Each structure stands twice: as C-alpha cells, then as structure tokens.
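# What the coordinates show
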Amino acid sequence: MMDGLSALIDLIFRLASLLFLVRFLLQASSADYYNSLSQAVVKATDKIANPLRKLIKPYKNFDFASIAIAYLFSVAFYFAVFAIMSATPDGVNLLVMSLARTGEILLSFYWWSILITIIASYFSQQGVHPAIALLQDIVEPILEPARRLVPALGPLDLSPILVIFTISLLQNFLQQLT
C-alpha cells in the first residue's frame, strides 16, 4: 500500500516539477512561443509562476521563477515522503536531495527528448509534428556544442549519442544524492 502511495506521490510531484522545468526550457531555448503545446505549458503555469516572477525577475531568456517552483515541488515531495514515513527531514540534506531530484528530472526530460527526436527524424521527413518541433527547439542548445566535437558522418549525426552518454553519467551521479 505504501509503495503504491509513494509511487503516486512521486509521479504527481515529478510531473509538476517537469511542467515548470519545461516552461523554463521553452524560454531559455527561445522555442516557438506560438506552438500550441508551448501555449498550453505557459497557460498551465502562469497562475503559479506570475506571482513569483514579481519577486524573482527573469534575466534575458531565463525564467528563474519557474526553476524555483520546480525546486519547491521537489522539496514538497520529500516533505510528503518523510510525512508518510513519520520521519523528520534534515534541513541541509533535504535541500541537497531536492536540488538533485530537480536536476535528475531535467536530465531525464532531456534524455527522453533527444531519444524521441532521433527516432522521429527517421520517420517524419516532410511535415514535422508540433510536439517534435518543440522538442527539437528545446534540445538543440545542448546538441549544438556536441556537434562541434563530433563531426557528422554524412547523413549520420553521432552528437546525440555523446549527449545521451553524458546525461546518463550525470543522472547516475544525481541518483546517488537522492
């Protein structure tokens, strides 16, 4: 029973954090604002992000209020888990674990997004689905430096493999902290 409840709580807080992290990434990567999915994310997060944005001002394309909210959802997750376990969280440990969890959620999103764009590139050559176009906009800023390191072999681009490998290493490190 507790495992099921813990998994449900994990899913709810993970999706909430992810929603605000995606909002941050949309702005940071200058993704298409008029994409319907982009508009849905903005609409879903505005009521919570706008009041905090008055305190934490955006800097250029970086909406730090969205990052802060994603982090707060990770903190809330650990409070919920500790409440279920009837335990008291250690303050500094809780903050580090929450930061690692937020980073792990972000890295998982990038990992899956890159994988989805790789697979989609083999199937859809003419029209691009709005979701795929949005994912490509988001992952391009981290793929671009890797493309400078790993040259393309004709039509084969190996840079996503380097990025996925690096993300996997970082995920393993962050999972040890959580």
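See the structure printed just above.
The rules behind the values
- Residues numbered from 1 in each chain as written.
- Predicted model: local features only at pLDDT ≥ 70, side-chain atom pairs only at ≥ 80, totals over all residues.
- Heavy atoms only, no water.
- Helix = DSSP H or I, 4+ residues; strand = E, 2+ residues; numbered from the N terminus.
- Buried < 20%, exposed > 50% of the residue type's maximum accessible area, 1.4 Å probe, protein only.
- Contact = heavy atoms within 4.5 Å.
- Areas by Shrake-Rupley, 256 points an atom, 1.4 Å probe, with all protein chains shown as cover.
- Lys, Arg positive; Asp, Glu negative; His and termini not counted.
- Charge placed at Lys NZ, Arg CZ, Asp CG, Glu CD.
- Salt bridge = Lys/Arg side-chain N within 4 Å of Asp/Glu carboxyl O.
- Polar contact = N/O pair within 3.5 Å; in protein donor to acceptor, adjacent residues only side chain to side chain.
- Expected span 1.5 Å × (residues − 1).
- Bend = angle between axes of the 7 residues up to and from the residue.
- Patch = residues over 30% accessible without salt bridge, like charges linked within 9 Å, V, L, I, M, F, W, Y side chains within 5 Å.
- Core = buried A, V, L, I, M, F, W, Y, C linked by side-chain atoms within 4.5 Å.

## Quick word on the overall build of the protein
Each helix and strand counted, the protein has 6 helices and 0 strands in total. Reading the secondary structure of the protein in the N-to-C direction produces α-α-α-α-α-α. By the burial criterion, 34% of the 178 residues in the protein qualify as buried. Pairs at least 24 apart in sequence give 66% of the contacts found in the protein among residues at least 6 apart. As displayed, the protein has an accessible area near 10,800 Å², and 70% of this comes from carbon and sulfur atoms. Each charge class in the protein can be summarised by its mean position, and for the 11 positive and 11 negative side chains these summaries are 10 Å apart.

## A closer look at the pattern of salt bridges
Once their charged atoms are close, side chains differing in charge can pair, the charge on each being opposite to the other. Taken as a whole and assessed by the stated rule, the structure comprises 9 salt bridges. D46 is the salt-bridge partner of R23, the closest N and O atoms lying 2.8 Å from each other. Of this pair, R23 sits in helix α1 (residues 2-28) while D46 sits in helix α2 (residues 36-55), and the two are 23 residues apart along the sequence. Here R23 ties to D63 by a salt bridge, and the two come within 3.8 Å at their closest N and O atoms. With R23 in helix α1 and D63 in the loop between α2 and α3 (64-84), this pair connects stretches of sequence that are 40 residues apart. For R23, a relative accessible area of 6% gives the class buried. According to the relative accessible area criterion, D63 is buried, its value standing at 0%. Three or more residues are tied together by salt bridges with common partners; here these are D10, R14, R101 and E104.

## Here's the deal with the side chain of R23
In this structure the side chain of R23 is engaged in a polar contact, spanning 2.8 Å, whose partner is the side chain of D46. Once you skip the residues sitting within four places of it in the chain, R23 turns out to touch V41, V42, T45, D46, R53, D63 and S66.

## Focus: α2
For α2, with 20 residues, the first-to-last C-alpha span of 28 Å sits near the 28 Å given by 1.5 Å per residue. A bend of about 65 degrees at D46 is the largest found in α2. Of the positions making up α2, those classed as buried are S38, V41, V42, T45, A49 and R53. N-cap assignment for α2: the residue whose side-chain oxygen lies 2.9 Å from the backbone N of L37 is N35.

## Digging into unusual backbone geometry
We note that S30 has phi near 55 degrees; this positive angle belongs to a residue other than glycine. In this fold, S30 is placed in the loop between α1 and α2. The phi torsion at S86 lies on the positive side, around 55 degrees, for a residue other than glycine. Topologically, S86 is positioned in the loop between α3 and α4 (91-123).

## Quick word on a nonpolar patch on the surface
A surface patch of nonpolar side chains, about 440 Å² in accessible area, is lined by L5, L8, L11, I12 and L15. Examined against the element boundaries, L8 turns out to sit in helix α1. Taking relative accessible area as the criterion, L8 reaches 45% and is therefore assigned partly exposed.

## Re the nonpolar core
Residues L26 and I114 are the most contacted members of the largest nonpolar core, which totals 21 residues. If near-sequence neighbours (up to four positions away) are discounted, L26 is found in contact with A31, S38, V41, L134 and I138. In terms of nonpolar packing, the next biggest core, distinct from the first, is built from 9 residues, F13, F77, V81 and M97 among them.

## With respect to the side chain of R101
Examined against the element boundaries, R101 turns out to sit in helix α4. The class of R101 is buried, set by a relative accessible area of 4%. Sequence-distant contacts of R101, that is, excluding residues within four places in its chain, are made with D10, F13, R14, S74, F77, Y78 and T178.

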